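These are the residues of each chain, in order.
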There are 2 protein chains.
Amino acid sequence: MSLKYAVIGTGALGGFYGGMLAQSGKDVHFLFHNDYEFVKEHGLRVDSVKGDFLLNEVQAYKSTSGMPLCDVVLVCLKTVRNGLLKNLLAPILHKNSVVILIQNGLGIEADLAEEMPTLNIAGGLAFICSNKVGPGHITHLDYGRLNLGSYNLRDEIILKQVCEDFEQSGVPAKYSSNLMLARWEKLVWNIPFNGMTVVLNTTTDRLMANGSTRKLIEDMMLEVVHAANHCGVPLKESFVNKMIEMTDTMKPYAPSMKLDYDYKRPMEIEYIYSHPVVAALESGFDMKKVKMLEQQLRFIQTTY
Amino acid sequence: MSLKYAVIGTGALGGFYGGMLAQSGKDVHFLFHNDYEFVKEHGLRVDSVKGDFLLNEVQAYKSTSGMPLCDVVLVCLKTVRNGLLKNLLAPILHKNSVVILIQNGLGIEADLAEEMPTLNIAGGLAFICSNKVGPGHITHLDYGRLNLGSYNLRDEIILKQVCEDFEQSGVPAKYSSNLMLARWEKLVWNIPFNGMTVVLNTTTDRLMANGSTRKLIEDMMLEVVHAANHCGVPLKESFVNKMIEMTDTMKPYAPSMKLDYDYKRPMEIEYIYSHPVVAALESGFDMKKVKMLEQQLRFIQTTY
């Protein structure tokens, strides 16, 4: 059985992942916001380190009300828009549809499950450097791996099929049996680098080159690992070394929150900072440095 | 016996405090750096909320080698210049001279005592809003109180006489029997507000008006109180409420470190942050938030 896909939010992530699926012949239906007319006329363009392509015949929509029922919904919105999800999803779901939240942070699935208790929910982590550089125009700079895991699926086999579809499309995709572990792992990198590049208005390489911030990044990563452990997630301290080494080999990089800051867009403070801080605190651990970064970011958010 | 005073560093602090003493007839000798020629010609001008004055006949020097031996040396340099002190002080000291370090931070006296083991050292805390606005031109905006305490004086009576001289000159001055308590008290305010106005590029009133940073300021103040307690200094948690209330009634204010940052001058990170952090750590307490602020400031210092 071949799956029918919906992409909710065709930006840096949705444009790339949905574009890769469509390019390899999968049945993908894209929701656009401002770019709808442009894409109808000019198609969706992906300039990728793995090879550029242009999708001429995009199944594009400007509202989900015109979309078919889909088996798999890839949610690639910024989490600051998740308040819209319930209404966006309603027209395209059948009883067995699976919604995959390819978003950063903690507690996203739980919040959606509270709003839509019968929904089949999974989570996805994208390890990718990509940007939307113009209407219907995505550049893919580096990486691209996807990790998918179940939140409340009765049957996880569909996730494995999604992974296969991605693999066939040239996207390395892995099924994770522990979604919470995958989410906390990603937070180990995201928490220090997203916020610190904003607060100090800089890039990852500069934070790593300065002895003081390099130490602070490490300390915050450890704090995230300890928070995960208090929440019952078996992350190891050695994972921090792995992330430090990985970052040392990365090109200078502005994480997504830094781009949001630069373009005066709302930052994803809620799910990347507040939810982990609260979850840790409820498990008896005070993430003092992460909490401080959250407070600094909340101040900055009000100065836009 | 009337005291002969030297002022080392005639800026926002030295210009005001030395100026007030000289204005009331005390014998004060001022060391100038760039402003020497200007002051020789035009005098030293202090525009104060308590009344403006101009000192026409300033006992001004551009080097301490031409100065007389002085009984009391008021050191009003930024601590980033303290490496110069040993050479600056040598020509003006007699056996009983007392050097009063009117500077912010912790460990300043100890560092000087290590360099000059026989020196009579005291410390001073200035509660004042004043700025140098031009050559030989100080504006005094608010407050002005001085707290003086002994570091290693055999006889503290001279400090009491200095307090009297200040009082006679219109400067409220108090003798503190516990210098370390006075220094930690001042750090309770200085640590959060100096660094946070720099990192978030803002003013005290905006930090207080935002719920997130207001909470962070309070948390950091408590961290400083707990650090002091670990160092054996009997500061009370209620002192934090006092500082918060005091700040709520203050005019919008850019602390000295914020001005240093704005004018790309070196920031006093060493004595306001690093020394307290190390002192607390040696007493078994990890100031996690203050340490993080120190690391952020050290990064910013390198981006000038």
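Everything in this summary refers to the structure shown in the same document. Each chain has its residues counted from 1, following the order in which its sequence is written. Each chain is given a letter, starting from A, and each ligand a number, starting from 1, according to the order in which they appear as written. The predicted nature of this model means local features are confined to residues of pLDDT at least 70 and side-chain atom pairs, given and counted, to a pLDDT of 80 or more, with totals for whole chains, interfaces and linings taken over all residues. Side-chain descriptors were evaluated using all non-hydrogen atoms of the structure, hydrogens and water having been removed beforehand.

### Here's the deal with the state of the cysteines
Residue and element names in this part refer to chain B. As a reminder, the rule being used: When the sulfur atoms of two cysteines come within 2.5 Å, that pair is taken as a disulfide. The classification of residues rests on relative accessible area computed with a 1.4 Å probe and restricted to protein chains. Under 20% of the type maximum is buried, over 50% is exposed, and intermediate values are partly exposed.
Summed over the entire model, instances satisfying the criterion amount to zero disulfides over all chains. Left unpaired, C70 is separated from the closest cysteine sulfur, that of C76, by 13 Å. Sulfur of C163: no disulfide; nearest cysteine sulfur belongs to C76 and is 14 Å away. For C163, a relative accessible area of 6% translates into the label buried.

### Section: the packing of helix 8 (residues 211–230) of chain A against helix 12 (residues 288–302) of chain A
All names here are of chain A. Keep this limit in mind: All axes here are fitted lines through C-alpha atoms, helices being fitted over the stretch that makes contact, and every angle between N-to-C directions spans 0 to 180 degrees. Numbering of helices and strands runs from the N terminus, with a helix taken as a DSSP run of H or I at least four residues long and a strand as a DSSP run of E at least two residues long. Should an angle fall under 35 degrees it is called roughly parallel, over 145 degrees roughly antiparallel, and 65 to 115 degrees roughly perpendicular, with every other angle called oblique. Contacts are residue-level and defined by heavy atoms, with any inter-residue pair within 4.5 Å sufficient. For this classification, Asp, Glu, Lys and Arg are treated as charged, while Ala, Val, Leu, Ile, Met, Phe, Trp, Tyr, Cys and Pro are nonpolar and the rest, including Gly, are polar.
Contact geometry of helix 8 with helix 12 gives a least axis separation of 8 Å together with a crossing angle of 110 degrees. The orientation of helix 8 relative to helix 12 falls into the category roughly perpendicular. Contact residues: helix 8 offers L216, D219, M220, E223 and V224, while helix 12 offers K288, K289, V290 and L293. Counted by class, the contact of helix 8 with helix 12 contains five nonpolar, no polar and four charged residues.

### Focus: the packing of helix 6 (residues 179–199) of chain A against helix 11 (residues 269–282) of chain A
Residue and element names in this part refer to chain A. Spelled out, the test is: By convention, the crossing between two helices is left-handed when the near helix turns anticlockwise from the far helix through less than a right angle, and right-handed when the turn is clockwise.
As a packed pair, helix 6 and helix 11 sit with axes 10 Å apart at the nearest point and diverge in direction by 115 degrees. Seen along the crossing, helix 6 lies across helix 11 with a hand that is left-handed. Taking contact as the criterion, the partners of W184, L187, N190, I191, N194 and G195 in helix 6 are, on helix 11, I272, Y273 and P276. The class makeup of the residues in the contact of helix 6 with helix 11 is six nonpolar, three polar and no charged.

### Brief notes about the packing of aromatic side chains
Residue and element names in this part refer to chain A. To be explicit about the condition: Here is the rule: rings of Phe, Tyr and Trp (six-membered ring for Trp) pair when centre to centre is within 6.5 Å. Planes less than 30 degrees apart are stacked, more than 60 are edge-to-face, and the remainder are tilted.
With the rule as written, the count across this model stands at 12 aromatic pairs over all chains. Pairing W189 with Y253 gives two aromatic rings, centres 6.2 Å apart and planes at 45 degrees, and the pair type is tilted. Placement of the pair is W189 in helix 6 and Y253 in the loop between helix 9 (238–249) and helix 10 (256–262), with a sequence separation of 64 residues. What makes Y253 buried here is its relative accessible area of 18%. Arranged with centres 6.3 Å apart and planes meeting at 50 degrees, the rings of Y261 and Y304 form a pair that is tilted. In this pair, Y261 is assigned in helix 10 and Y304 in the segment after helix 12, connecting sequence segments 43 residues apart.

### Side note on the side chain of T64 of chain B
Residue and element names in this part refer to chain B. By secondary structure assignment, the location of T64 is in the loop between strand 5 (59–61) and strand 6 (70–75). For T64, a relative accessible area of 4% corresponds to the buried category. Those residues in contact with T64 that sit more than four places away from it in its chain are I8, L31, N87, L88, P91 and I92.

### Comments concerning the environment of A209 of chain B
All names here are of chain B. Within the fold, A209 resides in helix 7 (residues 204–209). Accessibility expressed as a relative area gives 70% for A209, which makes it exposed. Separated by 48 residues in sequence, A209 and Q161 have C-alpha atoms that sit 42 Å apart.

### As for the relation of the copies chain A and chain B
The condition is simple: Least squares is the method used to superpose the copies, on C-alpha atoms of residues holding a pLDDT of at least 70 in both.
You can overlay chain A on chain B at an RMSD of 0.0 Å; the transform is a turn of 180 degrees with a shift of 0.0 Å along its axis. A rotation of that kind, with that shift, is consistent with a two-fold axis. Taking the C-alpha atom as reference, chain A places K289 of chain A closest to the rotation axis, 2.9 Å from it.

### Digging into helix 1 (residues 12–23) of chain A
For clarity, the threshold we go by: Given the number of residues in a helix, its expected span is that number minus one, multiplied by 1.5 Å.
Its 12 residues place the ends of helix 1 of chain A 16 Å apart at the C-alpha level, agreeing with the 16 Å of an ideal helix rising 1.5 Å per residue. Where helix 1 of chain A terminates, the next one or two residues include G25 of chain A, which has phi positive at roughly 95 degrees.

### Focus: the environment of C163 of chain B
Residues and elements named next belong to chain B. Mapping C163 onto the fold places it in helix 5 (residues 157–168). Counting along the chain gives 51 residues from C163 to R214, while the straight-line C-alpha distance between them is 35 Å. With near-sequence residues (within four places) excluded, C163 lies in contact with L148, A173, K174 and Y175.

### Describing the pattern of salt bridges
Residue and element names in this part refer to chain B. Using the following cut-off: When a carboxyl oxygen of Asp or Glu lies within 4 Å of a side-chain nitrogen of Lys or Arg, that pair is called a salt bridge.
In this structure the tally under the stated criterion is 30 salt bridges over all chains. Between D219 and K215 there is a salt bridge whose closest N-O contact spans 2.9 Å. Separated by four residues within a single helix, D219 and K215 lie in helix 8 (residues 211–230), roughly one turn from each other. Judged by relative accessible area, which is 43%, K215 ranks as partly exposed.

### Structural notes on the pairing of strand 8 (residues 120–134) of chain B
All names here are of chain B. How we decide: Two strands pair if DSSP finds at least two bridges between them.
For strand 8, the tally of buried residues reaches 11 of 15 residues, placing the bulk of the element in the interior. Inspection of the sheet shows strand 8 paired to strand 9 (residues 137–150) by 12 bridges, in the antiparallel sense. Looking at strand 9, one finds that F127 is bridged to R145. The turn linking strand 8 back onto strand 9 is made up of two residues, and G136 within it adopts a positive phi angle of 55 degrees.

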